[in-house]
Amino acid sequence: MFRPVSPKLNIVLMEEGVLRFWKKHQIFQKTMEQREGGPEYVFYEGPPTANGKPGVHHVLARAFKDVFPRYKTMQGYHVIRRGGWDTHGLPVEIEVEKKLGFTNKQQIEDFGIARFNELCRESAFSYIQEWEKLTDRIAYWVDLDTAYITYTNDYIESVWWILKNFWDKGLLYQGFKVVPYCPRCGTPLSDHEVSLGYDEATDPSVYVRMPLVDEPDTALLVWTTTPWTLPANVAVAAHPEETYVVVEREMEEGGSEKLILAEALLEKVFNNQPFTVVRKMKGKSLKGKRYQPLFTFVPPDKPAHYVVMGDFVTTEDGTGLVHMAPAFGAEDMSAALEYDLPILMTVAPNGTFISDVRPWAGMFVKDADPLITEDLRQRGLLFRSGTYTHTYPFCWRCDTPLLYYARPTWYIRTSQFKERMVELNEQINWYPAHIKTGRFGNWLANNIDWALGRERYWGTPLPVWECEQCKHQECIGSVAELSQKAGRDLSGLDLHRPHVDEIIYSCPECGGKMRRIPELIDVWFDSGSMPYAQWHYPFENQEIFARQYPADYICEAVDQTRGWFYSLHAISTLLNDQVSFKNVICLGLILDGKGEKMSKSRGNVADPWDVLNKHGADAMRWYLYTASPPGQERRYSSELVSEVVRNFTLTLWNTYSFFVTYANLDGWKPDASHLPQYSDLDRWLRSSLHTLVRDVTEAMESYDVLGATRPIETFVDQLSNWYLRRSRRRFWKSESDEDKRAAYATLYEALVTLSKLLAPTMPFIAEELYQNLVRSLDESAPESVHLAQWPGYDLAVIDERLNREMALVMKLASVGHAARNKANRKVRQPLAEAAFSVGTAEEMRVVEAYADLLEDELNVKKVRVLDTTAEAVAYSLNPLPKQLGQKYGSKFPAIRKALLELEPETAAKRLLAGKPLEVVLEGETFTILPEEVEVRAMAREGFAVASEGAYLAALVTDLTPELVKEGLAREFVRRVQDLRKQADLEISDRIRLYYSATPLLAEAVKDFAGYIQAETLCIEMVDSLPAENLPTTQDTFDDQEVTIALKRVE
RNA sequence: GGGCCUUUAGCUCAGUUGGUUAGAGCGCGCCUCUGAUAAGGGCGAGGUCUCAGGUUCGAGCCCUGAAAGGCCCA
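Residues numbered from 1 in each chain as written. Chains lettered and ligands numbered in written order. Predicted model: local features only at pLDDT ≥ 70, side-chain atom pairs only at ≥ 80, totals over all residues. Heavy atoms only, no water.

1. A short note on the environment of Leu 482
- Considering the arrangement of structural elements, one finds Leu 482 in helix α15 (residues 479–486).
- For the pair Leu 482 and Pro 69, spaced 413 residues apart in the sequence, the C-alpha separation amounts to 40 Å.
- Once residues lying within four places of it in the same chain are set aside, the contact partners of Leu 482 are Trp 160, Trp 465, Ile 476, Leu 490, Leu 493, Ile 503 and Tyr 505. (Helix = DSSP H or I, 4+ residues; strand = E, 2+ residues; numbered from the N terminus. Contact = heavy atoms within 4.5 Å.)

2. Looking at the pattern of salt bridges
- In total, this model carries 66 salt bridges according to the counting rule given.
- A salt bridge links Glu 1015 to Arg 729; the nearest nitrogen and oxygen atoms lie 2.7 Å apart. Of the two residues, Glu 1015 sits in helix α35 (residues 1009–1016) while Arg 729 sits in helix α24 (residues 705–732), which places them 286 residues apart along the sequence.
- The partner of Glu 1028 in a salt bridge is Lys 1047, with the nearest N and O atoms 3.4 Å apart. Placement of Glu 1028 in the loop between β38 (1018–1022) and β39 (1032–1037) and of Lys 1047 in strand β40 (residues 1040–1049) is noted, with a sequence separation of 19 residues between them.
- Residue class for Lys 1047 comes out partly exposed when judged on its relative accessible area of 30%.
- Residues joined by salt bridges that share partners form a network here, namely Glu 45, Arg 62, Lys 65 and Glu 556. (Salt bridge = Lys/Arg side-chain N within 4 Å of Asp/Glu carboxyl O. Buried < 20%, exposed > 50% of the residue type's maximum accessible area, 1.4 Å probe, protein only.)

3. So, the sheet that holds strand β37 (residues 990–997)
- Strand order in the open sheet formed by four strands is β38-β37-β40-β39, with mixed pairing between adjacent strands. The open sheet terminates on both sides in strands that have one partner only, identified here as β38 and β39. Pairwise comparison of adjacent strand axes, ignoring direction, gives a mean angle of 25° for this sheet.
- Judged from the six bridges that link them, β39 and β40 form a sheet pairing that is antiparallel. Within β40, the position partnered with Thr 1033 by the bridge is Ile 1044.
- Against the sheet, helix α33 (residues 961–982) makes contact with β37, β39 and β40, and its axis sits at roughly 45° relative to β40, the strand it touches most. (Pairing = 2+ DSSP bridges. Axes fitted to C-alpha atoms, helices over the stretch in contact; angles between N-to-C directions.)

4. What to know about the environment of Gln 34
- Residue placement: Gln 34 occurs in the loop between α2 (27–33) and β1 (40–42).
- For Gln 34, a relative accessible area of 46% gives the class partly exposed.
- Separated by 44 residues in the primary sequence, Gln 34 and His 78 place their C-alpha atoms 8.1 Å from one another.

5. Looking at the domain arrangement of chain A
- Domain assignment breaks chain A into domain 1 (198–393), domain 2 (638–782), domain 3 (873–939) and domain 4 (961–1048).
- Distance from the C-alpha centre of domain 1 to the C-alpha centre of domain 2: 74 Å. (Domains from an automatic or database assignment.)

6. What to know about the packing of aromatic side chains
- Tallying each qualifying case throughout the model produces 60 aromatic pairs.
- Ring centres of Phe 270 and Phe 383 lie 5.9 Å apart, and the angle between their planes is 85°; on these two criteria the pair is classed as edge-to-face. Taken together, the residues Phe 270 in helix α10 (residues 266–270) and Phe 383 in strand β15 (residues 382–393) connect sequence positions 113 residues apart. You'll find Phe 270 and Phe 383 in the same group, each marked buried.
- Where Trp 430 meets Phe 581, the ring centres are 6.1 Å apart and the plane angle is 85°; that geometry is what we call edge-to-face. Of this pair, Trp 430 sits in strand β17 (residues 429–431) while Phe 581 sits in strand β26 (residues 581–587), and the two are 151 residues apart along the sequence.
- Residue classification places Trp 430 among the buried residues on the basis of a relative accessible area of 3%. (Phe/Tyr/Trp six-rings, centres within 6.5 Å; stacked < 30°, edge-to-face > 60°.)

7. Thoughts on the pairing of β26
- Buried residues dominate β26, accounting for six of its seven residues.
- When β17 meets β26, the two strands line up parallel, connected through three bridges. By the bridge assignment for β26, Tyr 431 is matched with Ile 585.
- Across six bridges, strand β25 (residues 551–557) lies against β26 in parallel orientation. By the bridge assignment for β26, Ile 554 is matched with Val 584.
- A crossover connection joins β25 to the parallel β26 through helix α19 (residues 564–576); in handedness this β-α-β unit is right-handed. (Right-handed = clockwise from strand over helix to strand, strands pointing away.)

8. A closer look at unusual backbone geometry
- For the peptide bond that leads from Tyr 431 to Pro 432, omega is 5°, which places it in the cis range.
- A positive phi angle is found at Asp 340, which is not glycine, with a value near 55°.
- Within the secondary structure, Asp 340 is located in the loop between α11 (330–339) and α12 (365–378).

9. Some remarks on the pairing of strand β29 (residues 831–837)
- Most of β29 is tucked away, with six of its seven residues classed as buried.
- Strand direction decides the pairing type here: β29 and strand β30 (residues 860–865), joined by five bridges, are parallel. Note that in β30 the partner of Leu 831 across the bridge is Val 860.
- Two strands pair when backbone bridges link them, and β29 and strand β36 (residues 951–956) are joined in this way by five bridges, in the antiparallel orientation. In the sheet register, Phe 836 faces β36, and the bridge partner there is Ala 953.

10. A short note on the side chain of Thr 753
- Inspection of the secondary structure assignment puts Thr 753 in helix α25 (residues 738–758).
- Those residues in contact with Thr 753, other than ones at most four positions away along the chain, are Leu 689, Val 693 and Pro 791.

11. Overview of the side chain of Asp 618
- When you line up the elements, Asp 618 lands in helix α21 (residues 616–626).
- Separated by 3.2 Å, the side chain of Asp 618 and the backbone nitrogen of Phe 764 make a polar contact.
- Of note is the side chain of Asp 618, whose polar atom sits 2.7 Å from the backbone nitrogen of Ile 765.
- Those residues in contact with Asp 618 that lie beyond four places of it in its chain are Glu 15, Met 762, Pro 763, Phe 764 and Ile 765. (Polar contact = N/O pair within 3.5 Å; in protein donor to acceptor, adjacent residues only side chain to side chain.)

This is the structure we're talking about:
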C-alpha cells in the first residue's frame, strides 16, 4: 500500500514535512558523505555579506547555484558544497558607523579602531539567522556549518600569502594616481566599486573667461562642471588639429570682447546671440599662449597658466578648451607629467578646501561651487552658468559624489597580464555566451591596474612593513614570518587593525623601526582569494585544494562581472596562470512586477517570504528557472509564481494522487519480474518520457536550466491531460487484467522518473513523491531522491514516429472537438460518425490505427478517413515551400504556380494514393513527390466540419433514437456521479439507485441499465422514489425531468 | 561617446539550420467536459513580429542603418 494521498495539496505543510525529514535523517550530509570517492564536482560559493536581509535576488542566485550540485550528486559525483561569508569592507563599516552616528573617519579613530572593528565583526553577521532561515527554507543545500569566513586569521593569512607571492613577482607597487575617491569614507575606490555607483547628477555648467596676457580684451572660453577645481587650475588644453576661432561680440554690460573657442561649438555656446568671427586657426597655434590665473591662493612652483595640447579634447561639449587641474583629473595629471606642470593640491582628504583657499577654507568642495561661481561673476570672469545633467559616479555605499583626487596608493600590476587574462577567458563557458566576449571580455581587454589599497579599518591589512628611517619595505606572507621578524610567537595575534599595526620590528637595512603601512586591501581581493583561502592554502589542506581547484561551476548575478568574477579570474591568472572556474551562469537582474529594478536603495525589494509562505519554495524556484533565460532580466511577483502552482504543481500532484488512489484500490505494486503488455498509449507515453529524460539530461550537461525545466512542464501536461484522460477507464474497470497492469506500470514509471528529474529543481515535491512511490515499498532503495541515481533513458523506447503519430492524433481530436462545437453537439451526446481528412497517405494510416482512441475521445461510434471519391468535399493543393523551395530554388515560384493550376481533385487523389505528379515547365519535366505537396480538403456546405491546416473533421450529426437514448443515459449517469460526490461517497462505494423520470428518459435508463450500473457502481436500480430520507437530486435536461436518490450499500 | 542586451497579442514569454497560415500561458467573452484536478477542452476578440533599407524564389529569423528601453563603461 502506498500512503493515501489527498488530491488537495497544502504545499507549505508538505514542504515543511520534507524539511523535517531531511533534517532528521541528515540527508544533506549524506549527499556529501555517500559520494566520497566519487569523481569531484567543484562548486564555489560566492560569499554574500550577512549584514543585510536576504532578498529575492538572493533567492534567485541560490536557486540556480543549487541545481547543478544536486544534479551532479545524483550522477555519483562528490560535491563539497561549502558555504562562505564575506565579512570585511565598507558595507560593514558603514552599517556600524550609522549605528554609532559617525559621519567621518576621525570619529572612528577617536572611538578606537579596536572597539570599532569588534563591532564590525559582530555586525557582519547581524542577519545571519535570516540568511540561515531563508537558505534552509528554499532548500539551497550549502554547508553553512563549515562555511569559510573572510575575517578569520586563517583566511587572512592565505590572502597575505597570495599578496606576498605578487610582491615577490614585483606586481605590487605604490603609485601616485588620480583615483575616484570618496571624501566621506576617506578612501579611494576600485574601478569595480566605482562602477557600482553611477547615477544621474545635475552639476553646475560654468563657462569662464581666462583673459590672455598678451592680447588685450581677448579671453579663452573654458567650460567646466566642477568649479571647485578652478582654484587648482594650471593650464588649458586644446586639441592640436581642431579648428578654433576668435569671435567678437557685444557684452550685455556694454563694450565688446573677443573670445576663443572651437568652431564646432559656436552654435552650442552662443545659441542665437550675435557674434562675428574675427579669425580662424588650428589648435596647435594656440600652444603656449599665456593667460591670467583665475585664483592665486596657492602659488605654483613651476611655470603654469598657458595653453597645452591634448588629444583627449573633444568638441562634443563645452568649448573645445579644457581646464586642467592635475590633482583632480586623470588626463590632467598625464598632461602635467608631459608638460611638467605644477600640481596644486587645494583640497584636504576629507573633501574640504585647505586653509590656503581662504574664502572657502573648510567647506566641502561641492558646496562651494555656487560661491565660486558667484565670485567669478562678480569679477567679470563668468561668461555663463547653468546646470548640466550627466551620469556621475557616487560612492556605492554612502552615496557621496566621488571626487577624482590624486592619492598615493597601492596597485596590482594586472594590466601586465591583460592578454593572458583574455586568453584564459576563452576556456570559460559563459552562460549567456555573450558575456564572455562582451561585457567580461571587454572589461579584461581594457584592463587597468587593480587599485588595491584602502585607507580604512575593517578589512585585510596590506602586509607591507616600512622602515621609518630608510623607507625599506618588506611584504609579510605568513604569521610565522612575522613572528620570526618580531622575534616572538604571534600565532595568537588578531590579524586585523590595530593589532597588526602594533607589531614593530627593526629594519634589516638600517636598524630603524619597521611599521606596517596603514592601508587595508580591497574587499574584492578577499572574495577572489576564496579558492585558496577557504582551505587556508598553502598552510593546510594542500591535497583538498588540488582537488577543489578550479571550480566546475559558479553562478552569480551580472553585477559580479567586475566584482567576484573578475577578482577570481585576475588572482588565478596572476598566481597560477589558469582559470579558476570553468562554467559560469551569469544571472540577469530581478525586477519587480512593474519591471523596475529591485535594489536596497530603491526600497522596492520584495520579501521572498510572502511567496514562500503562500506558494512554497518549489514553485518559487520553478518560476525563477522557467520564467526566462537566466541571463535575462526577469519580473517577479506573487501572481506569477501562483501560476506555477496552478498549472504545474497541482497538475502533477493530482496525477500522483490519482495513481495512488487507484493503485491502492487494486493493491497494485511494481513488479520488475513481469513484463507489461504496453498499449499504444503506454508506448507513446514511455517514448515521450525517455525523450524527456534524454533532453533534460543533455540540457543539464550544458548548463541550460531553461532546457532542463520547460520540457518537464510540457510532459506533465501531456501526462495529465492526454495520457491520463485517455486512460481513466483502464484504471476504473473492475477486472485487473494485463492492460490495467500495463497502465499502472507506465504511470508509475513516469511518476518515479519525474520525481528524479525534478529533484534538482523542485527538491520538495520530488522527495514527497519518491518517498511514497519508491521508499514506502522498497526499504533497500536510496533513502532520499537526492541520493538516488539520475535516471537513464533507453534509446530503444524512444520512438520518434510514435511521438509524431500521437501529436497528430491529438491534433485530430482537437479538430474533432472544434467540429462538435460548431455543430453544437455536446460531447455527452454520442454521434454516429466522424470522418477525417489528412494531408498525406501516411497520415491516413494513422487515423485508422488510432480510430478506437479517437472514437472514445470524441464520443462517436465510428472514426474513419474521409472517402476521397464518394463524399462531398473539394480539394486543394499546398506545395510545401520547405521541400520544394530547397529542392528547386528560384524555380519554386513557377513550379508552385504550375501545381496550383492542375485540376486539384485529380492531383489530390494521385497524391493521396502515394503517387507522384509531373509538371512541365518550359519543356522541362519535374516530378513532384507526394511528400512535397500537402493535400487539403475543403468543406462543402451542409457538413458539420472544422479544419485546421490540412486537417479536417466532418461529423455525421443526424441522431437516431438509439443515439438520443444513449445520450440521455449519459446525462443520467452524470447526475448520479454528481450526487455521489455530494453525498461524500468513497470512489469504491456501491450504491442502490432510486429514480423517477419522464417516459423517454425512463426508457433510456432501462435500455442502458447495464452501462449505468457499471459506471456508477450501482448494484440495483429502483424505478420509484424511496420512502426514507436519502441524498436526492432533481434536474431537467433535454426536455426530460428526473429525480434521483441513492443509498450506500454496505 | 563606446560595449553588451532587449523590443513578437492587454500581460509574461516561445519561435529550431530562413519555408509562405507567427504560437503558448495568464487575463477577457461565449460554449463545453469532469468521481484525479485549484483543473481540462473548444470557439472568439486581440499582432503593420519597433521602424527603414538590403540579401533571397521566400525574412520574425541573415546583413546595414535608425528608434526606444535596460545594464555596463567613458
